[in-house]
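# Examination of the molecular architecture
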Number of protein chains: 2
Amino acid sequence: MELRPIGCIHSSYKTLADAPRQGRWSEEIVQLEIYAAYEDGLLGIGKHQYLIILYEADRADHSRLQAIPCGGTAKTGVFSCRTPNRPNPILFCVAELIDCQGRFLTVRGVEALDGSPLLDIKPYIAALDGQPKTD
Amino acid sequence: MELRPIGCIHSSYKTLADAPRQGRWSEEIVQLEIYAAYEDGLLGIGKHQYLIILYEADRADHSRLQAIPCGGTAKTGVFSCRTPNRPNPILFCVAELIDCQGRFLTVRGVEALDGSPLLDIKPYIAALDGQPKTD
């Protein structure tokens, strides 16, 4: 499957060392630029409070199958943790939509490195996407 | 970006007409087969109750930028609704893990068509991925 970026993420995180482990706990404002060819896909986006953002970790290592999660000491499978280093490095986060101006969206809650290719945007729907319990 | 399937989804939904609009509201049991080359990535998966599943809607129309959502009458942008017909048809759902046996996972809450390519599995973490409010 060949993916084409629908846009680009502009953030203040220039290197992995700059980025928070999880954007969810950051107040940092990030801008999503949607390329002009895809602008028609944004119709109605402003009514959503939260968006699911899928983007490519384009500086990730695709070859790894196991990793030691932050704060841990034991190896775990990449499908059992959230490391960006995984066979298909599609990263996922739920972002708060702050503003939209044409093909530029201002969001909070994204830990993407500056320049990361944007792959998809979907509205977050709590009844579908949330689960009360977790581990 | 070129993606390689890490496995395949086995479900009873053979055509779009068979599949529920959202798997979340279905009790259907679905099996995820992870290919042998990626089995090491599953280490520790059994401890998670909910998993984020990313898969390809391989029968989707990539060319559409707008759609009329189910139950609606007005066109909306594909990034503002959950239609599988979108430029990069990566579908997302939160599934409940029922059982794991080697490289086969049994889950509930996936509406994928039989044979859909599996792209990634991540543990669902409520504190990261859930949002109390929605629209």
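Heads up: the structure comes first, above all this text.
What counts, and where the lines are drawn
Counting of residues starts from 1 at the beginning of each chain's written sequence and follows it residue by residue. Chains and ligands are labelled by the order in which they are written, letters from A for the one and numbers from 1 for the other. Under the rules for a predicted model, residues below a pLDDT of 70 receive no local features and side-chain atom pairs below 80 are neither given nor counted, while totals for whole chains, interfaces and linings still include all residues. Calculated side-chain values reflect all of the structure's heavy atoms, with hydrogen atoms and water omitted. Working definition: rings of Phe, Tyr and Trp (its six-membered ring) pair if their centres are within 6.5 Å, and the pair is stacked with planes under 30 degrees apart, edge-to-face with planes over 60 apart, and tilted otherwise. Working definition: helices are DSSP H or I runs of at least four residues, strands are E runs of at least two. Numbering for both runs from the N terminus. Exposure categories follow from relative accessible area, calculated using a 1.4 Å probe and restricted to protein chains: below 20% of the type maximum is buried, above 50% is exposed, and the middle band is partly exposed. The contact definition used throughout considers only heavy atoms, calling two residues in contact when any of these lie within 4.5 Å. For any pair of parts, buried area is found by adding up, for both, the accessible area (1.4 Å probe) each one loses once the two are put together. Salt bridges are defined as contacts in which a side-chain nitrogen from Lys or Arg sits within 4 Å of a carboxyl oxygen from Asp or Glu. Residues adjacent in sequence count toward polar contacts only when both atoms are side-chain atoms; beyond that, a polar contact is any pair of N or O atoms within 3.5 Å, and within protein one must be able to donate a hydrogen and the other to accept it. To line up the copies, we fit them by least squares on C-alpha atoms, keeping just the residues with pLDDT of at least 70 in both. Strand pairing is assigned whenever DSSP identifies at least 2 bridges connecting the two strands. Whenever a helix is involved, its axis is fitted only over the stretch in contact; in every case the axis is a line through C-alpha atoms, and angles between N-to-C directions fall within 0 to 180 degrees.

Turning next to the packing of aromatic side chains. Counting across every chain of the model gives three aromatic pairs over all chains. Judged by centre distance (6.4 Å) and plane angle (75 degrees), the rings of Y50 of chain A and Y124 of chain A are edge-to-face. Linking Y50 of chain A in strand 3 (residues 50–56) with Y124 of chain A in the loop between strand 8 (117–123) and helix 1 (126–129), this pair joins segments that are 74 residues apart in sequence. With centroids separated by 4.8 Å and ring planes inclined at 15 degrees, the aromatic side chains of F92 of chain A and F92 of chain B adopt a geometry described as stacked. In this pair, F92 of chain A is assigned in strand 6 (residues 90–101) and F92 of chain B in strand 6 (residues 90–101), connecting two distinct chains. By relative accessible area, F92 of chain B is classed as buried at 6%.

Looking now at the interface of chain B and chain A. Counting from both sides, the interface comprises 58 residues of chain B and, opposite them, 57 residues of chain A. Regarding the contact of chain B and chain A, the summed buried area is about 6000 Å², with carbon and sulfur atoms giving 53% of it. At the junction of chain B with chain A, the criterion picks out four salt bridges. Ionic pairing is found between D120 of chain B and R86 of chain A, a salt bridge with its closest N-O pair at 2.8 Å. Remark: the boundary between chain B and chain A carries 32 residue pairs in polar contact (both at pLDDT 80 or more). When contributions to the side of chain B that touches chain A are tallied by element, the ones reaching two or more residues are strand 3 (50–56), strand 5 (76–77), strand 6, strand 8 (117–123) and helix 1 (126–129) of chain B.

So, on to the relation of the copies chain B and chain A. Between chain B and chain A, which share one sequence, the superposing operator has a rotation angle of 180 degrees and an axial displacement of 0.0 Å; the RMSD is 0.0 Å. The superposition of one copy onto the other is thereby described by a two-fold rotation axis. Looking at chain B, 98% of its interface residues are interface residues in chain A too, so the copies touch through the same face.

So, on to the pairing of strand 3 of chain B. Most of strand 3 of chain B is tucked away: seven of the seven residues are buried. The alternating pattern of strand 3 of chain B places Y50, I52, L54 and E56 of chain B on one face and L51, I53 and Y55 of chain B on the opposite face, and all of these are buried.

This next bit is on the sheet that holds strand 8 of chain A. The strands making up a sheet associate through hydrogen bonds between their backbones, and the pairing can be parallel or antiparallel. Pairing within the closed barrel is antiparallel, and its six strands lie in the order 1-2-7-6-3-8 (chain A). Shown here is a sheet whose adjacent strand axes are inclined to one another by a mean of 45 degrees, direction ignored.

Turning our attention to the side chain of N88 of chain B. With respect to the helices and strands, the residue N88 of chain B is situated in the loop between strand 5 and strand 6. A distance of 2.9 Å separates a polar atom in the side chain of N88 of chain B from the backbone oxygen of L119 of chain A. For N88 of chain B, the residues in contact, after removing those within four places along its chain, are L3, R4, I6, L119 and D120 of chain A.

What follows covers the side chain of K122 of chain B. Structurally, the position occupied by K122 of chain B is in strand 8. By relative accessible area, K122 of chain B is classed as buried at 3%. Separated by 2.7 Å, the side chain of K122 of chain B and the backbone oxygen of I90 of chain A make a polar contact. Polar contacts involving the side chain of K122 of chain B include one to the side chain of D120 of chain B, which spans 2.9 Å. Setting aside residues no more than four positions away along its own chain, K122 of chain B makes contact with F79, R82, R86, I90, L91 and F92 of chain A together with L51, I52 and L54 of chain B.

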